[in-house]
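# Survey of secondary and tertiary structure
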Protein chains: 2
Amino acid sequence: MKVFTEAQVKAHYHMSDAIQDIEHLFENMDGISQTTRVVIPTGDGAKSMLYMPCVHLGKQQGIIKITSITPDNPQHHRPTTQANIIITDLETGEHIASLDGSYLTRLRTGALSGIASKYMSRTDAQTLGMIGTGGMAYEQLLGNLEVRPIQKVLLFNRTTEKAEKFLAQVAEKHPDIDFEVVSDVSDLVKRSDIINCQTQSTTPVFDAADVQNGTHINGIGSYRPEMKEMDNRLFPKASQIVFDDLEGLKEEAGEFIEADEKGLFSFAEHDADLKGLSRQGTVQRDNDSITIFKCVGAAHFDLAVALGAWEKLKNNE
Amino acid sequence: MKVFTEAQVKAHYHMSDAIQDIEHLFENMDGISQTTRVVIPTGDGAKSMLYMPCVHLGKQQGIIKITSITPDNPQHHRPTTQANIIITDLETGEHIASLDGSYLTRLRTGALSGIASKYMSRTDAQTLGMIGTGGMAYEQLLGNLEVRPIQKVLLFNRTTEKAEKFLAQVAEKHPDIDFEVVSDVSDLVKRSDIINCQTQSTTPVFDAADVQNGTHINGIGSYRPEMKEMDNRLFPKASQIVFDDLEGLKEEAGEFIEADEKGLFSFAEHDADLKGLSRQGTVQRDNDSITIFKCVGAAHFDLAVALGAWEKLKNNE
């Protein structure tokens with residue numbers, strides 16, 4: 001068993017790789033087998049262990065992502081979520097690699113937003129508005145930068161200092177982009193071509209009335225029924241709503257669960273998924289319409305990036 | 001994440017440790033939380049991945065055992081079953097260690113037979129009969145040697161050459177024990193104080209009529225409904241039948257599932273488990289009676305030995 005740290009994975013596997021590997025998986029999902037994730041509570045509140053196994057019968061490789069959720073951790077300057085991915089060669093039965101899974105999880109989630117923006121946002125989208133500048137934000141930025149000619153990035157966070165800190169970090173890495181912290185989320189929403197939400201808010205982080213025609217929104221924050229970062233009054237106005245994983249959505253995406261109950265949206269009548277868009281391969285949108293992508297994640301996305309990263313890493317030891 | 005190979009685990013963690021750690025766990029099972037194991041088929045027949053997570057809330061440590069079953073492997077001189085155990089510190093959320101799990105699985109299974117022999121067999125048991133000398137056999141031998149004054153070990157295998165090869169290997173390591181390969185299983189059964197079965201046989205490997213009063217039998221081989229290594233006609237004659245894990249037994253132990261159907265035994269009326277015997281701590285048997293222990297394994301046994309091994313290993317790097 002070879003162990004690769006976050007720094008090693010980061011050095012050899014990037015956003016462009018993740019987008020490519022996930023879209024490649026979308027082309028042929030035959031032989032992907034996974035179970036519903038296993039959750040074992042390990043303390044108060046959300047403290048828990050999550051286990052997400054997935055195998056690729058064609059490639060004869062399997063992974064399991066093992067994730068700890070430790071809500072108290074930020075007080076101790078440790079991340080809330082820590083993931084590890086074990087890869088097994090199904091041909092020989094050997095457990096061949098352990099990859100730090102935290103970066104790969106952020107990367108695949110950013111890649112999913114990137115793929116959504118690639119097929120759903122206006123092709124000339126130049127302004128990205130980011131609501132939430134926490135742990136998931138940087139790879140969300142990267143996903144969008146990869147697919148659209150973004151020149152301006154507006155940043156909003158409930159605690160403005162955190163948005164300013166994020167700006168300081170990313171401005172250095174991306175000198176060609178104009179970053180700006182905004183204190184009024186309404187201002188951000190009105191000025192953005194793409195809005196990317198990554199919060200764990202239990203109430204909407206923007207007002208549906210502020211969303212301009214022509215806007216595409218990615219929502220990746222809500223992953224429990226009580227989380228509702230997107231204003232679901234927007235859903236009836238959207239020309240296209242796309243999911244990464246419908247089954248997960250029904251269980252986890254609070255704003256959609258509520259919208260389904262209130263009649264603002266219907267799971268039963270819904271069948272548009274990111275895989276379909278990716279296979280189609282073309283942007284099909286009216287430049288004036290509003291489009292929404294909601295992501296909750298699934299084990300096969302972890303499989304795509306873990307196997308992709310392993311391919312790079314094993315040749316670069 | 002620190003990685004420990006089979007050789008490293010073997011060097012620092014032994015049968016006496018495993019027996020002690022499992023009996024220690026039996027004393028207090030509060031705060032042990034596990035799910036039913038997850039199985040994903042990965043090819044023809046039994047080819048599959050098994051995932052067995054378990055957490056210890058009191059110790060704030062969790063494990064998952066990841067096992068690949070590759071039935072073709074022996075043809076390629078690789079083991080059929082390969083296991084890896086990942087340990088997570090639930091206090092910090094960190095994934096701290098990867099332990100080769102194959103030896104630990106064999107060891108904990110040997111320890112369970114050892115604990116059963118410790119509380120169920122005659123205290124003066126001197127002759128051990130082993131039916132099956134495959135991959136699990138050596139730790140089964142160790143478990144019995146640890147708890148009883150065994151002087152004579154009879155070995156039977158369907159393919160006699162394999163029993164002879166096993167003898168050559170173990171005789172060197174245990175010069176004080178008299179090993180003997182027998183070609184007639186009936187001879188072995190009649191002469192043994194303890195019989196230990198570790199086969200995957202779908203038909204009984206001994207005849208109930210040959211079992212002498214005073215014999216204790218450990219059966220660890222059958223782990224699927226079609227496997228029936230113990231002659232279940234013996235069950236009505238047994239004064240005591242004890243399991244390691246009743247719920248697993250009902251799903252997996254072929255000879256007991258069949259016995260329950262035929263009325264030779266009743267799961268519904270059964271409640272004797274190894275934990276109860278260990279807590280009681282005394283041998284309660286008539287020297288003339290026949291006793292049976294059946295083991296299928298469970299994730300909390302893996303937890304006991306993995307955490308025990310980790311304690312030793314982290315201090316011996």
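In the block above lies the structure referred to throughout.
Residues numbered from 1 in each chain as written. Chains lettered and ligands numbered in written order. Predicted model: local features only at pLDDT ≥ 70, side-chain atom pairs only at ≥ 80, totals over all residues. Heavy atoms only, no water.

### Overview of the interface of chain A and chain B
On the chain B side, the residues contacting the 36 residues of chain A number 36 residues. Both faces considered, chain A and chain B share a buried interface measuring about 2700 Å² in area, 67% of it formed by carbon and sulfur atoms. Our count for the chain A to chain B interface comes out at zero salt bridges. Inspection of the region where chain A meets chain B yields 16 residue pairs in polar contact (both at pLDDT 80 or more). Taken together, the elements giving at least two residues each to the side of chain A that touches chain B come down to strand S2 (32-34), strand S3 (38-41), strand S4 (48-56), strand S5 (61-69), strand S6 (81-89) and strand S7 (95-100) of chain A. Taken together, the residues of the side of chain A that touches chain B break down into 16 nonpolar, 16 polar and four charged. (Contact = heavy atoms within 4.5 Å. Buried area = accessible area lost by both parts, 1.4 Å probe. Salt bridge = Lys/Arg side-chain N within 4 Å of Asp/Glu carboxyl O. Polar contact = N/O pair within 3.5 Å; in protein donor to acceptor, adjacent residues only side chain to side chain. Helix = DSSP H or I, 4+ residues; strand = E, 2+ residues; numbered from the N terminus. Nonpolar A, V, L, I, M, F, W, Y, C, P; charged D, E, K, R; others polar.)

### A few points about the environment of Ile195(A)
Residues and elements named next belong to chain A. Checked against the element boundaries, Ile195 lands in strand S11 (residues 194-197). You can call Ile195 buried: its relative accessible area is 0%. Sequence separation between Ile195 and Ser102 is 93 residues, and the spatial gap between their C-alpha atoms is 24 Å. If near-sequence neighbours (up to four positions away) are discounted, Ile195 is found in contact with Gly129, Ile131, Leu188, Val189, Thr215, His216, Ile217 and Asn218. (Buried < 20%, exposed > 50% of the residue type's maximum accessible area, 1.4 Å probe, protein only.)

### Here's the deal with the side chain of Arg108(B)
All names here are of chain B. Among the structural elements, Arg108 can be located in helix H3 (residues 102-120). Here Arg108 falls in the buried class, since its relative accessible area comes to 5%. Look past the residues within four positions of Arg108 in its chain and what remains in contact with it is Ile22, Met52, Lys65, Gly297, Ala298, Phe301, Asp302 and Val305.

### Some details on the packing of helix H2 (residues 15-27) of chain A against helix H4 (residues 137-147) of chain A
Residue and element names in this part refer to chain A. Running from N to C, H2 and H4 cross one another at 75°; their axes reach a closest spacing of 10 Å. On the basis of their axis angle, the class for H2 and H4 is roughly perpendicular. For the pair H2 and H4, contact is made by Met15, Ser16 and Ile19 and by Glu139, Leu142, Gly143, Glu146 and Val147, respectively. (Axes fitted to C-alpha atoms, helices over the stretch in contact; angles between N-to-C directions. Parallel < 35°, antiparallel > 145°, perpendicular 65-115°, else oblique.)

### Section: the pattern of salt bridges
Counted according to the given criterion, the structure contains 44 salt bridges over all chains. Linking Lys312(A) and Asp17(A) is a salt bridge whose minimum nitrogen-to-oxygen distance equals 3.3 Å. Taken together, the positions of Lys312(A) in helix H10 (residues 299-314) and Asp17(A) in helix H2 put the pair 295 residues apart, joining distant regions of the chain. Its relative accessible area of 13% is what places Asp17(A) among the buried residues. For Asp302(B), the salt bridge identified is with Arg108(B), shortest N-O distance 2.7 Å. With a gap of 194 residues between them, Asp302(B) in helix H10 (residues 299-314) and Arg108(B) in helix H3 connect regions that are remote in the sequence. In terms of burial, Asp302(B) and Arg108(B) fall into one category: buried.

### Re the packing of aromatic side chains
Scanning the entire structure with this criterion turns up 18 aromatic pairs over all chains. Note on Phe235(A) and Phe256(A): the rings are 4.2 Å apart at their centroids and 10° apart in plane angle, and the pair reads as stacked. Taken together, the positions of Phe235(A) in the loop between strand S12 (216-219) and strand S13 (240-243) and Phe256(A) in helix H8 (residues 254-262) put the pair 21 residues apart, joining distant regions of the chain. Like Phe235(A), the residue Phe256(A) is buried in the burial classification. Ring centres of Phe26(B) and Phe301(B) lie 6.0 Å apart, and the angle between their planes is 80°; on these two criteria the pair is classed as edge-to-face. Here Phe26(B) is found in helix H2 (residues 15-27), whereas its partner Phe301(B) is found in helix H10, with 275 residues between them in sequence. For Phe26(B), a relative accessible area of 2% gives the class buried. Within the aromatic cluster, the residues linked to one another by ring pairs are Phe235(A), Phe243(A), Phe256(A), Phe265(A) and Phe267(A). Above the ring of Tyr138(B), the side-chain terminus of Lys173(B) is found at 4.3 Å from the ring centroid. (Phe/Tyr/Trp six-rings, centres within 6.5 Å; stacked < 30°, edge-to-face > 60°. Lys NZ or Arg CZ within 6 Å of the ring centre and 35° of its normal.)

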